[in-house]
Each structure stands twice: as structure tokens, then as C-alpha cells.
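The primary structure of each chain is shown beneath.
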Amino acid sequence: WLERLSAGAALLHGWARAGDAQLLDAVEAVLRQSPPRGMVTPGGQAMSVATSSCGDWGWVSDRRGYRYSAVDPDSGQAWPAMPDPLRELARGAAAEAGFAGFDPDACLINCYLPGARMGLHQDKDERDFSAPIVSVSLGLPAVFLLGGLRRSDKTARILLGHGDVLVWGGPDRMRFHGVQPVQPGIHPLLGGRRINLTFRKAR
Ligand code: MD3
Ligand code: FE
């Protein structure tokens, strides 16, 4: 079911559950070509989440900064193409939440093992903030932190479980957000990990 969190944000509970095995197969195929890797922030901090991408653009971070790159710096090759089932899932979820015509050109794949977390941040490396972001959570649950437009705004906690899809756009696009450390556990399909896909219009 669709839960409207605010004017530009919706949580589609279990939206991605029906096709989860096919979805995971497609994600695993991408990860064989461009394996998840730890990145370093421009400030030199190792990130606990391992990241990869598919589509025309992939998100990378190193001492030089955050940016979108057409090339996987580890392989020196283009990122894997965005698999059709992933693209269709993102388009369908966006339309359901009121963003018809969403055409993502990048899908970030965040891989969490127990203990991995993501600090409060804004997503501002994309060129066009008018496009929404669609996020798909798979595997172990995580507590998502949703803040406001200032880092100091108080945060709400939202539990994201397997198959939950979040769509963010419009007035909510620049909200601070993060993920609390993932707790150990075993998911029947993914085992002891969480994978989050975020579909974006990067360029
Ligand atoms: C709210 N990923 O990759 S997805 C990220 O679960 C990121 O891996 C988290 O934040 C994860 O940048 C959260 C949900 C999400 C994504 C983008 C947002 C929520 C958002 C942008 C604005 C507000
Ligand atoms: Fe983010």
C-alpha cells in the first residue's frame, strides 16, 4: 500500500516483493561486472557501505570529491547497463507516487553488511533536482532517518523492509537523510545483508 509521508514523498510498502528473485538476479549480474567496493569520502573517511552502479552514470567518491562518472574507475569500463526489470520497477513506482515519466539514467547499488550505516546527508550531485529519486530496499531491514532541509532539523525514523520502495521528489528532494547501522540477521533471499537501489536522473 501507498503511505504518503509528505507532499513529495511516498512509501510503497512491499512494492518490489512480487518480482524480488528476478530483481536480485539482475542486481547480482550487475555486481559480477562491477563489484561493490568501499569508497572514501573527500575528507578521507572510509564509508561502511559498499557501492556499485549501473546505467549511463555511476556515483563515485574519492579524495577528489563526489561525482557521477560514465566509467567504473575499478574496471576502467562503462558501468553495466541498467537491467530492464530494474528500470521498469523504478518507472512504475515513480508513476504510482505521482511522478509519471521518470526516466532514470543512474542506479546506485548500496550493499550493507551488519554494522554498515550512512550518515545524514543530502543528495545533491545530480544536475536536475526536479526529478525524483526512487529507492528500493532488499534483504535485512534498516532504520531510515528522515530529516528536514537543515542538518540540525530533527529526524523521523522509518523502518525499511524487504521490497519497500521510497519515492522522493518536489519539496522533499533535498531533505537530509541517513541509515542507522544494519543489525545482524538472515533474510531468506539475501542472507545476511541489505541492498538498496537508488534510481536517479544524474545528468
Ligand atoms: C530522501 N541511500 O544512496 S535510500 C543514497 O538506504 C542513500 O542506501 C540510502 O541515501 C540507503 O544516497 C537511503 C532512500 C532515499 C534516497 C534519497 C533521498 C531517501 C531520500 C533523497 C532525499 C530525501
Ligand atoms: Fe542519499
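Residues numbered from 1 in each chain as written. Chains lettered and ligands numbered in written order. Predicted model: local features only at pLDDT ≥ 70, side-chain atom pairs only at ≥ 80, totals over all residues. Heavy atoms only, no water.

Protein-derived ligands of the iron ion (ligand 2) are His121 (NE2), Asp123 (OD) and His177 (NE2), with the metal-ligand distances lying across 2.0 to 2.2 Å. Counting along the primary sequence, the residues that act as donors to the iron ion (ligand 2) give the motif H-x1-D-x53-H. Placement of Asp123 in the loop between strand E8 (118–121) and strand E9 (133–139) and of His177 in strand E13 (residues 177–179) is noted, with a sequence separation of 54 residues between them. Given the relative accessible area of 8%, Asp123 is considered buried. (Donors = N, O, S within 2.8 Å, 3.2 Å for Na, K, Ca; no water. Helix = DSSP H or I, 4+ residues; strand = E, 2+ residues; numbered from the N terminus. Buried < 20%, exposed > 50% of the residue type's maximum accessible area, 1.4 Å probe, protein only.)

Taken together, 19 residues surround ligand 1, and among them Asn110, Tyr112, Trp168, His177 and Arg194 come closest. Here His177 contributes a side-chain N or O atom positioned 2.9 Å from an oxygen atom of ligand 1. Arg200 has a polar side-chain atom sitting 3.0 Å from an oxygen atom of ligand 1. In isolation ligand 1 has 500 Å² of accessible area, and contact with the protein removes 97% of it. Only strand E7 (106–112), E8, E9, strand E12 (165–168), E13 and strand E14 (194–200) provide two or more residues apiece to the shell around ligand 1. Counting residues per element, the shell around ligand 1 draws most heavily on E14, which supplies 4 residues. Residues that form the shell around ligand 1 fall into these classes: 7 nonpolar, 6 polar and 6 charged. (Near = heavy atom within 4 Å. Polar contact = N/O pair within 3.5 Å; in protein donor to acceptor, adjacent residues only side chain to side chain. Areas by Shrake-Rupley, 256 points an atom, 1.4 Å probe, with all protein chains shown as cover. Nonpolar A, V, L, I, M, F, W, Y, C, P; charged D, E, K, R; others polar.)

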